[in-house]
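# Coordinates in review
Take a look at the letters that make up each chain.
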Amino acid sequence: METTTRFQYPNGDIVTVSATEGAVVGRPEGALILSDVEYAALLAQAEARHAAHVAQLVAAEAARGQKTYSALVSSGLPVDVAGILSGYTPPTSQD
């Protein structure tokens, strides 16, 4: 059987430590022991921050690709070449 202990370090990092029955898990210096509820809430917050950061990176990359595509097309390159070079695919019109 395993026991699980969850900690939050002073810098905000959260960790889960699993140990076999009978093993002693020491509390790292300055760390707080978290209940399952506290850990779940902190984990959800961390996952939300991560998802928001990834979405921000994806949006920035898409904007960069669109800007590059527009500049390449404006310089006279064919749209298919501009798409390849920029990694951007313009939306198709739904006439």
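The structure this text deals with has already been given above.
No experiment lies behind these values; they were computed from the predicted model shown. (Residues numbered from 1 in each chain as written. Predicted model: local features only at pLDDT ≥ 70, side-chain atom pairs only at ≥ 80, totals over all residues. Heavy atoms only, no water.)

What follows deals with the environment of Tyr69. Summarising the element assignment, Tyr69 is placed in helix H1 (residues 36-74). On the basis of relative accessibility, which here comes to 11%, the residue Tyr69 falls in the buried class. (Helix = DSSP H or I, 4+ residues; strand = E, 2+ residues; numbered from the N terminus. Buried < 20%, exposed > 50% of the residue type's maximum accessible area, 1.4 Å probe, protein only.)

With that out of the way, let us pick up the sheet that holds strand S1 (residues 2-8). Read across the sheet, 3 strands follow the order S2-S1-S3 without closing on themselves; strand pairing throughout is antiparallel. Pairing within the sheet leaves two strands with one partner each, and these edge strands are strand S2 (14-20) and strand S3 (32-34). Between one strand and the next, the sheet's axes are offset by a mean angle of 40 degrees, whatever the strand orientation. Sheet analysis places S1 next to S3, joined by 3 bridges and oriented antiparallel. Pairing of Gln8 across the sheet is with Leu32, part of S3. (Pairing = 2+ DSSP bridges. Axes fitted to C-alpha atoms, helices over the stretch in contact; angles between N-to-C directions.)

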